[in-house]
Amino acid sequence: VVIIITLGGRGFTIMAKTGVVEFTFCKLCRVHHNAGRKHIFTKKHKGRLATVLSKFRAKIKDARRCLKKPVVEEGEVEPEIKIWCYCCDEEVDKHVTDREMSVVQGGVLEHMASSDHHKKTRHFWWQHGADVSDQPHFLLHQLDYERYKEAVSVAVKAVEARVADRQEKEVAALRTQETQRAALFHSQVAPTPTQGCIQMTVSL
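This structure is a prediction, so every number in the text was calculated from the model and none was measured.

Conventions and cut-offs
- Residues numbered from 1 in each chain as written.
- Predicted model: local features only at pLDDT ≥ 70, side-chain atom pairs only at ≥ 80, totals over all residues.
- Heavy atoms only, no water.
- Helix = DSSP H or I, 4+ residues; strand = E, 2+ residues; numbered from the N terminus.
- Buried < 20%, exposed > 50% of the residue type's maximum accessible area, 1.4 Å probe, protein only.
- Areas by Shrake-Rupley, 256 points an atom, 1.4 Å probe, with all protein chains shown as cover.
- Salt bridge = Lys/Arg side-chain N within 4 Å of Asp/Glu carboxyl O.

Trainee: Any chance you could explain the overall build of the chain here in plain terms?
Mentor: Counting its secondary structure elements, the chain contains 4 helices and 9 strands. Ordered by position from N to C terminus, the α and β elements of the chain give β-β-β-β-α-β-β-β-β-β-α-α-α. Taking all 204 residues of the chain together, the buried fraction comes to 28%. Carbon and sulfur atoms form 56% of the exposed surface of the chain, whose accessible area is close to 14,700 Å².

Put into structure tokens, the structure is as follows:
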């Protein structure tokens, strides 16, 4: 029997005298199989799909909490923290930051609204046989994202105003301290009215 193996990005093909057998690699189950589309209906694949979507759903649920009320914090929140997008098969920044200010969960929401994520999510659903009615939860419509960005802009301005107000108070407090120190120093070095005079007592 002559066997020729052809490797491919998604699997490999075995050609023998008995015919052609195509093997596909399932990233969820991490196995090569020759069951074709029947594989997605197996108990193992369905279980693995349910586990993956449950984990991903929890992360997206956390991000959606910030959709209507964005959270903007001073400084860098969770530096370099990323989450794994199972639909796109890639890492995504969890937050958006310029190191001086951070938009919590901004990276996740931005990714969910991207056209690339929408395209790959639809393919993931078809490829793994996920429930179509469940798909919208993993996507963010552009209109909702635009509204979110407007809310983020308002939140950023509020944080900037708070920072400016705090800095003004800190400057005022420093000036008050300097004034008090100068007054104390002056009181300690200034001569009293009797200093430098000779006092004499005369008895008659």
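Here the narrative resumes, following the displayed structure.
Trainee: Is there a simple way to explain the environment of Ser-153 in this structure?
Mentor: Looking at where Ser-153 falls in the secondary structure, it is placed in helix H4 (residues 142–189). Judged by its relative accessible area of 33%, Ser-153 is partly exposed. Here the alpha-carbon distance between Ser-153 and Pro-70, two residues 83 residues apart in the chain, equals 9.3 Å.

Trainee: Sorry if this is basic, but what is going on with the pattern of salt bridges here?
Mentor: Opposite charge on two side chains allows them to pair when their charged atoms are near. All chains considered together, the criterion is met by 10 salt bridges. The shortest N-O distance in the salt bridge between Asp-62 and Arg-65 comes to 2.4 Å. Residue classification places Arg-65 among the exposed residues on the basis of a relative accessible area of 55%. For Arg-99, the salt bridge goes to Glu-76, with nearest N and O atoms at 3.0 Å. Taken as a pair, Arg-99 in the loop between strand E8 (96–97) and strand E9 (101–103) and Glu-76 in the loop between strand E5 (72–74) and strand E6 (82–85) lie far apart in primary sequence, 23 residues in all. Taking the relative accessible area as the measure of exposure, Arg-99 reaches 60% and is therefore exposed.

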